[in-house]
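Commentary on secondary and tertiary structure
Here's the letter readout for the chains.
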Amino acid sequence: MEITFDFYSTLCAMVFVLLLGTFIIKKSKFLQDYNIPEPVVGGIIVAIAIFIANRYAGFSFSFDGSLKDPLMLAFYASIGLSADFAAFKKGGKILFGFLFIVTGLLILQNLAGVGVALAMGENPLIGLLSGSITMSGGHGTGAAWAAEFIKEPYNYAPAMEIAMAAATFGLIAGGIIGGPVARYLVVRHNLVSKDKSGKDDTLFEEPERERLITANSFIESLALITICLLVGTELKKIVTFVTMPTFVWCLLVGAVLRNVLSATKIHTVFDREVSVIGNVSLSLFLAFALMTINLSQLISLALPMLTILVVQIIIMVLYSIFVTYRFCGKNYDAAVLSAGHCGFGLGATPTALVNMQTVTKHYGPSHMAFIVVPLVGAFFIDIINAFVISGMVSLPIFN
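Given the structure is predicted, the values throughout are model-derived calculations rather than measurements. Residue numbers here run from 1 along each chain, matching the order of that chain's written sequence. Local features are withheld for residues below a pLDDT of 70 in this predicted model, meaning they are given only at 70 or higher, and side-chain atom pairs are given and counted only at 80 or more; totals for whole chains, interfaces and linings count all residues. Only hydrogens and water are removed before side-chain values are computed, so all heavy atoms of the structure are retained for them.

Points about a nonpolar patch on the surface
- Like-charged residues are merged into a patch within 9 Å and nonpolar side chains (Val, Leu, Ile, Met, Phe, Trp, Tyr) within 5 Å, provided each residue has over 30% relative accessible area and no salt bridge. Surface exposure here means Shrake-Rupley accessible area, sampled with a 1.4 Å probe, where a residue is shielded only by the protein chains that are shown. One side-chain nitrogen of Lys or Arg within 4 Å of one carboxyl oxygen of Asp or Glu is enough to make a salt bridge. The grouping of Phe7, Tyr8, Leu11, Val15 and Leu19 at the surface amounts to a nonpolar patch, some 470 Å² of accessible area in total.
- With respect to the helices and strands, the residue Phe7 is situated in helix 1 (residues 7-27).
- Any residue under 20% of the maximum accessible area for its type is buried, any over 50% is exposed, and the rest in between are partly exposed; the area is computed with a 1.4 Å probe on protein chains only. Judged by relative accessible area, Phe7 falls into the partly exposed class, the value being 31%. By definition, any uninterrupted DSSP run of H or I lasting at least four residues is a helix, any uninterrupted run of E lasting at least two residues is a strand, and each is numbered from the N terminus.

Set out below in C-alpha cells:
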C-alpha cells in the first residue's frame, strides 16, 4: 500500500521531524553533549519507522520533493553571504596558516576515502562521500553532494544514506577525540596558556547592543538570498566549461555579493538574520533528506563504510598532532587549535567550539583559537571544500 504526501503534508512531516528531534534531544544528555542536530535525530527515527512499516507491513511512502532544492540552495547562499573577506584581518598570519593546513586535510581525507574504497572493490563515490564531503562538510554538504551523485552521470542510488550515516558518525567522533588530543599535546610538551586578557574566550563577538530582526530587515535578507539563488542557477546553465553543482554557484554568488556590498557601502548584510534563514533552510532540508533515506541500502554497505570512517579518525588524530599543532606554532594556542580542528575536521564548527571550551576550562584561555576556528569553520571551509570536491569529481575514475 502506497501513502502519498503532497506539498503541504510533506512540509508538515518535515516540521514534525524537527519537533521530534528537539523533544528527544532535550531528554538526552548524550545527544546534547555531542551536539547532534535536531533533524538528524528526528529524521533517523522517522526513517527507521518508515523502514519497519515498509519491511513488515508493506507500506510505502512517497513525499513531495519540490522544497528540497530551494532549501538547500538557500542554506549555501547564506554561507556565501556570511563570507566577509575583511575578517581575515582578525586572524592575522595564523589564520592563513590554518587555512592552508585545513585545505591539506580536505585533500588527504578524499584521497584516503577513495583509496580505501578502491582497495575494497567498492565504488569510489563511497570513499568521496566518506571523505571531506561529510567529514569536514557535515550533514549539509553531505546531503547536497549526495543529491548530485544520485543524478546523471553518477547514478549512485545509496549516496544520501551513506552521506547521512558518515556525517553523523563523524560528528560524534569529532567530539570524542578533540579533548584527548589537546590533553596529549599539553601534557607531552608542558604547554601553558599565556593569554592574560581575562576575556571570556567562549565569545566570538561581544556586541554592546543586539540588532533586532524586523519584518523589513528580514525581507532585505531574504531578497539577498533569492538573488543568490536566481543568479546561481542561471550561472549553472550558462557556464559549461566548469563542472560545479548549483549550490556551489549560489555560495560563490553570495560571497561576491556580500563583499561588493561591503566595499561599496551600499548595504550592510545582517549576519545573524541571514544565519537564521540559512539554519532554518538547512534544518528543513536535512529533515526531508533523512526521513526519506533507504536504510536497506545502507545496511549492505556497512563494512566498507565503517572501515573508511575508522581510517578517517586515525588520519584526523595524526594530522592534528603532527601537522596542525606543529605548523600553528607548537604552543598552547596550537594545541587548542588542534582540538578545534578535530571538531570540524570530522564534524562541525559547534563541535569544534565545544572541544576548545572544554580544553580552555582545564588549561587556560586561548583568545586566538576562538578567533581563528569560527572564521575558518563558519564559512571559509565550505568555500575551499567546494573547490576541492569539484576537483576530485572531475577525475576520470568518477566519470
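A word on the packing of aromatic side chains
- In this scheme Phe, Tyr and Trp rings, the latter by its six-membered ring, pair at centre separations within 6.5 Å, and the angle between planes marks the pair as stacked below 30 degrees, edge-to-face above 60, and tilted otherwise. If you walk through the whole model with that rule in mind, you get nine aromatic pairs.
- Centre to centre, the rings of Phe5 and Phe63 are 4.6 Å apart; their planes meet at 25°, and the pair counts as stacked. Within this pair, whereas Phe5 is found in the loop between strand 1 (2-4) and helix 1, its partner Phe63 is found in the loop between strand 2 (60-62) and helix 4 (68-81), the two being separated by 58 residues in sequence.
- The exposure class of Phe5 is partly exposed, given its relative accessible area of 22%.
- When the centroid spacing of 6.0 Å and the interplanar angle of 85° are considered together, the rings of Phe98 and Phe344 count as edge-to-face. Taken together, the positions of Phe98 in helix 5 (residues 88-119) and Phe344 in helix 14 (residues 332-346) put the pair 246 residues apart, joining distant regions of the chain. For the pair Phe98 and Phe344, one class covers both residues: buried.
- Within the aromatic cluster, the residues linked to one another by ring pairs are Phe75, Tyr76, Trp145, Phe149, Tyr154 and Phe247.

Remarks on the layout of surface pockets
- Using a grid of 1 Å spacing that covers the protein atoms alone, one calls a set of points a cavity when a 1.4 Å probe fits there but cannot get out, and a pocket when the set is open and has protein on both sides within 12 Å along at least five of seven lines; lining residues are those with an atom within 4 Å of a point. Grid points are joined across faces, edges and corners, and a volume is the space filled by probe spheres set on the points. If you add up the space inside the second largest pocket, you get close to 240 Å³.
- As for the second largest pocket, its lining consists of 14 residues, and the residues nearest its centre are Ile50, Asn54, Thr292, Ile293 and Asn294.
- Elements with a contribution of two residues or more to the lining of the second largest pocket: helix 3 (38-57), strand 2 and helix 12 (295-299).
- The biggest single contributor to the lining of the second largest pocket is helix 3, with five residues.
- Only Asp, Glu, Lys and Arg are considered charged in this grouping, and only Ala, Val, Leu, Ile, Met, Phe, Trp, Tyr, Cys and Pro are considered nonpolar; every other residue, Gly among them, is considered polar. The class makeup of the residues in the lining of the second largest pocket is eight nonpolar, five polar and one charged.

A look at the side chain of Asp382
- Inspection of the secondary structure assignment puts Asp382 in helix 16 (residues 369-393).
- For the buried Asp382, no salt bridge exists, and the shortest N-O distance to an oppositely charged side chain is 13 Å, to Arg258.
- We call two residues contacting when some pair of their heavy atoms lies within 4.5 Å. Aside from chain neighbours lying at most four places away, what touches Asp382 is Ile79, Thr141, Leu251 and Gly377. Note that His is not counted, nor are the chain ends; the positive residues are Lys and Arg, and the negative ones are Asp and Glu.

A look at unusual backbone geometry
- Here Glu152 and Pro153 are connected by a cis peptide whose omega angle stands at 0°.
- With respect to the helices, strands and loops of the structure, Pro153 is situated in the loop between helix 7 (138-150) and helix 8 (159-189).
- Look at Asn155: it is not a glycine, yet its phi comes out positive at around 50°.
- Relative to the helices and strands, Asn155 is located in the loop between helix 7 and helix 8.
- A positive phi is found at Lys330, a non-glycine position, where the angle reads about 50°.
- Relative to the assigned elements, Lys330 resides in the loop between helix 13 (302-327) and helix 14.

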